[in-house]
Protein chains: 4
Amino acid sequence: MVRPIVSVVGAGENATAAGLANAFRLGQLLAADGWIIVSGGRDAGIMREVNRGAKSIQGGLTVGILPSASSAVAPDVDVPIITDIGQARNNIIVLTSRVVIACGAGGAGTASELALAIKAGKPLILLAADEASQSFFKRLGSDRVQIADSPEAAVTLARQFQIE
Amino acid sequence: MVRPIVSVVGAGENATAAGLANAFRLGQLLAADGWIIVSGGRDAGIMREVNRGAKSIQGGLTVGILPSASSAVAPDVDVPIITDIGQARNNIIVLTSRVVIACGAGGAGTASELALAIKAGKPLILLAADEASQSFFKRLGSDRVQIADSPEAAVTLARQFQIE
Amino acid sequence: MVRPIVSVVGAGENATAAGLANAFRLGQLLAADGWIIVSGGRDAGIMREVNRGAKSIQGGLTVGILPSASSAVAPDVDVPIITDIGQARNNIIVLTSRVVIACGAGGAGTASELALAIKAGKPLILLAADEASQSFFKRLGSDRVQIADSPEAAVTLARQFQIE
Amino acid sequence: MVRPIVSVVGAGENATAAGLANAFRLGQLLAADGWIIVSGGRDAGIMREVNRGAKSIQGGLTVGILPSASSAVAPDVDVPIITDIGQARNNIIVLTSRVVIACGAGGAGTASELALAIKAGKPLILLAADEASQSFFKRLGSDRVQIADSPEAAVTLARQFQIE
């Protein structure tokens, strides 16, 4: 039986302490729910923590879609995919997933992933996003964009997409 | 002497009449200023009009970066680049340009291009964008993002990036 | 502990019966050796069989790097990565792997993968390739290209790259 | 009227003196025939010379499809397209062209372009290729692959693809 794939996106370099804690918890909860977790794979910020959380759970499986061969890979990535296509890899993260969860506000890279997710018709869950991001992406993606205020709420929302 | 490259991005399918008129005028003014004009190249919306404007000027040169071989190409594109990498081609549009001009609000594809432009450190000019977009991208890109309320103002802002 | 990644490439549409049997056997042996198996992921030819072989082994883990969202995915792919970058995805297959094994002669797509592997400095193992391919790629990649005449020999050759 | 696009591919670093002279002459003849010339765009080998040849002709128009923003651009490229997708850009060179001309033997990068051209169903002209390459690609692409022994012969062969 094929396990469903979720991606978690968020800041590499400027994540907050709360965002990092949320990412770790997201990783744990999603792995416990049987999701394969896809991320940008770098050894930084939200990417590092969501992978660490996922691998703290028995059976957690993590895939990193890396921008280049020279990117440092997060230690808890099981399958590092080396794209060498830079930020264009953001579209692969999105297309590979049934649902995309944004953890925190993120920067420009994260914003591009959320926009690409909407463009691709993927459901999007914004966890602890600031109000400006919420209203911007809600307007762009209308009812495909959902808001969560805790990792638990995000994972509950994700569950509706777990079975195709 | 190498001519500088600018890109113009905006809605394919849901452009407003005002947006389309702005795109045509942008194409004319940028071509008259000597810019090579890069766009997504499809025969739709802002892309079609900016190319049409540019080619109404003697010496206008237009490049379209197309998502796939099956995309209909805007008739006024001189050089259609067939990427076959889908929305990942948005990053190529951005990286190829000295400055990116967004014409109107645009949808999710346009938003991904603006986010990728900021990620790549490219200057961004928002022409006739709605307030939500302005504040979202201003916050994301701070002083690299400038606001214009007419094609003439946008082209004047672009001029500062014409000579490297 | 991170498991090493190998890719197996070969014909989708015109594989021979011997090639398909070799692919199945390769999948079994590589999975038994602990490799994660990467392929083009489509439900055709060498791709389908190597994944089927790998999943016939307890603990086999398979990743498919698909050209587009509309590609039919081989049923034994655990992690389908949807790139939507067409044949450009061949470079991702290669870069993601420590060593590339070509199963049979393959067509133009396979040839592009072997050339890209040599370009990227990856070791290459040609299993049951025709003489023209052997001499062409040997000349191109010199001592990074090795020849095998059975799945067992290919897997033995691959072992030298299993520990970095 | 849209000008047709041809690409010229070949060695960056290890081109022979004869190959470089052929590339310069190809650039001149193709530009004189009205082709837009696409290449890998780097300031090296066949790429540099074909662009130099093309720009020695009044009205020559040259496009370079560069692997990354850090690649040195050949001085005679009019339109440098910055892909940042590394060797995956080889597929864009091929897809953008009506016909692909290989100038000399080339290395692994060139071989990947020729294989991708055949995969994409593009006509291929091999100028002054070694016998091993000729027979390898002839077998792969059958009657879409043609052989030329001078720039003049290559350009004459290309003419049949100039009008769609």
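Summarised in this report is the structure supplied together with it.

Definitions and limits used
- Residues numbered from 1 in each chain as written.
- Chains lettered and ligands numbered in written order.
- Predicted model: local features only at pLDDT ≥ 70, side-chain atom pairs only at ≥ 80, totals over all residues.
- Heavy atoms only, no water.
- Least-squares fit on C-alpha atoms with pLDDT ≥ 70 in both.
- Contact = heavy atoms within 4.5 Å.
- Buried area = accessible area lost by both parts, 1.4 Å probe.
- Salt bridge = Lys/Arg side-chain N within 4 Å of Asp/Glu carboxyl O.
- Polar contact = N/O pair within 3.5 Å; in protein donor to acceptor, adjacent residues only side chain to side chain.
- Helix = DSSP H or I, 4+ residues; strand = E, 2+ residues; numbered from the N terminus.
- Expected span 1.5 Å × (residues − 1).
- Buried < 20%, exposed > 50% of the residue type's maximum accessible area, 1.4 Å probe, protein only.
- Pairing = 2+ DSSP bridges.
- Right-handed = clockwise from strand over helix to strand, strands pointing away.
- Arc of directions from axis to C-beta.
- 1 Å grid on protein atoms, 1.4 Å probe; cavity = no way out; pocket = protein on both sides within 12 Å on 5 of 7 lines; lining within 4 Å.
- Points joined across faces, edges and corners; volume = space filled by probe spheres on them.
- Axes fitted to C-alpha atoms, helices over the stretch in contact; angles between N-to-C directions.
- Phe/Tyr/Trp six-rings, centres within 6.5 Å; stacked < 30°, edge-to-face > 60°.

## Comments concerning the relation of the copies chain A and chain B
The two chain copies are related to each other by a rotation about an axis together with a translation along it. Once chain A is rotated about the relating axis by 180° and shifted along it by 0.0 Å, it coincides with chain B to within an RMSD of 0.0 Å. Both copies are brought into coincidence by an operation consistent with a two-fold rotation axis. Both copies present the same face, since 100% of the interface residues in chain A are matched by interface residues at the equivalent positions in chain B.

## Details of the interface of chain A and chain B
Each partner contributes residues to the interface: chain A has 20 residues there, and chain B has 20 residues. Taking both partners together, chain A and chain B bury about 1,600 Å²; carbon and sulfur atoms supply 72% of that area. Put simply, chain A and chain B have 2 salt bridges between them. Note that R139(A) is salt-bridged to D130(B), the shortest N-O span being 2.8 Å. Connecting chain A to chain B are 4 residue pairs in polar contact (both at pLDDT 80 or more).

## Some words on unusual backbone geometry
Even without glycine at this site, D84(B) takes up a positive phi of about 55°. Positionally, D84(B) belongs in the loop between β4 (79–82) and α3 (89–95).

## Here's the deal with helix α4 (residues 108–119) of chain A
Residue and element names in this part refer to chain A. Under the 1.5 Å per step criterion, the end-to-end length of α4 is 16 Å for 12 residues, consistent within 8% with the ideal 16 Å. A large share of α4 lies buried, amounting to 11 of its 12 residues. Within the sequence span of α4, burial applies to A108, G109, T110, A111, S112, E113, L114, A115, L116, A117 and I118. Immediately downstream of α4, the backbone of G121 shows phi near 75°, a positive value.

## Re the pairing of strand β3 (residues 61–66) of chain D
All names here are of chain D. Extensive coverage of β3 is indicated by the burial of 6 of its 6 residues. The side-chain alternation of β3 yields two buried faces, one formed by L61, V63 and I65 and the other by T62, G64 and L66. Here strand β2 (residues 36–39) pairs with β3 via 4 bridges, running parallel. Directly across from I36, in β3, lies its bridge partner L61. In this view, the connection linking β2 to its parallel neighbour β3 by way of helix α2 (residues 45–55) has right-handed handedness. Sheet topology note: the β3/strand β4 (residues 79–82) ladder contains 4 bridges and is parallel. By the bridge assignment, G64 is partnered in β4 with P80.

## A look at helix α5 (residues 131–141) of chain C
For α5(C), the full list of buried residues reads S133(C), F136(C), F137(C), L140(C) and G141(C). Projected onto a plane normal to the axis of α5(C), the buried residues spread over an arc of 110° and lie on a single side. Buried residues along α5(C) sit in contact with α4 (108–119), β6 (124–127) and β7 (145–148) of chain C together with α4 (108–119) and α5 (131–141) of chain D. Following α5(C) by one or two positions, S142(C) adopts a phi angle in the positive range, close to 40°.

## Observations concerning empty space enclosed by the protein
Evaluated as defined, the whole model comprises 4 cavities of 30 Å³ or more. The computed volume of the largest cavity comes to approximately 50 Å³. Every residue lining the largest cavity is listed: F136(A), R139(A), L140(A), G104(B), A105(B), G106(B), G107(B), A111(B), L114(B), A129(B), S133(B) and F137(B). Looking at the lining of the largest cavity, the elements with two or more residues in it are α5 (131–141) of chain A together with α4 (108–119) and α5 (131–141) of chain B. The dominant element in the lining of the largest cavity, judged by the number of residues it contributes, is α5(A), at 3 residues. Estimates place the volume of the second largest cavity at around 40 Å³.

## Some points on the sheet that holds strand β5 (residues 99–103) of chain B
Residue and element names in this part refer to chain B. As summarised here, the arrangement of the 7 strands in space is β4-β3-β2-β1-β5-β6-β7, forming an open sheet in which the pairing is parallel. Edge positions in the sheet fall to β4 and β7 (145–148), since each has one partner strand and no second. Neighbour-to-neighbour, the strand axes of this sheet turn through a mean angle of 25°, independent of strand direction. Here helix α1 (residues 17–32) sits on the sheet in contact with β1 (5–9), β2 (36–39), β5 and β6 (124–127), set at roughly 150° to β5.

## Some thoughts on the packing of aromatic side chains
Taken as a whole and assessed by the stated rule, the structure comprises 10 aromatic pairs over all chains. Aromatic pair F136(B) and F137(B): ring centres 5.1 Å apart, planes at 85°, arrangement edge-to-face. Each of the two residues, F136(B) as well as F137(B), counts as buried. Through a chain of ring-to-ring contacts, the aromatic side chains of F136(A), F137(A), F136(B) and F137(B) assemble into a single cluster.

## Quick word on the side chain of Q162(A)
Residues and elements named next belong to chain A. By secondary structure assignment, the location of Q162 is in the segment after α6 (151–159). Here Q162 falls in the buried class, since its relative accessible area comes to 15%. Only 2.6 Å separates the side chain of Q162 from the backbone oxygen of D33, close enough to count as a polar contact. Setting aside anything within four residues of it in sequence, one finds Q162 in contact with P4, D33, G34, W35 and R98.

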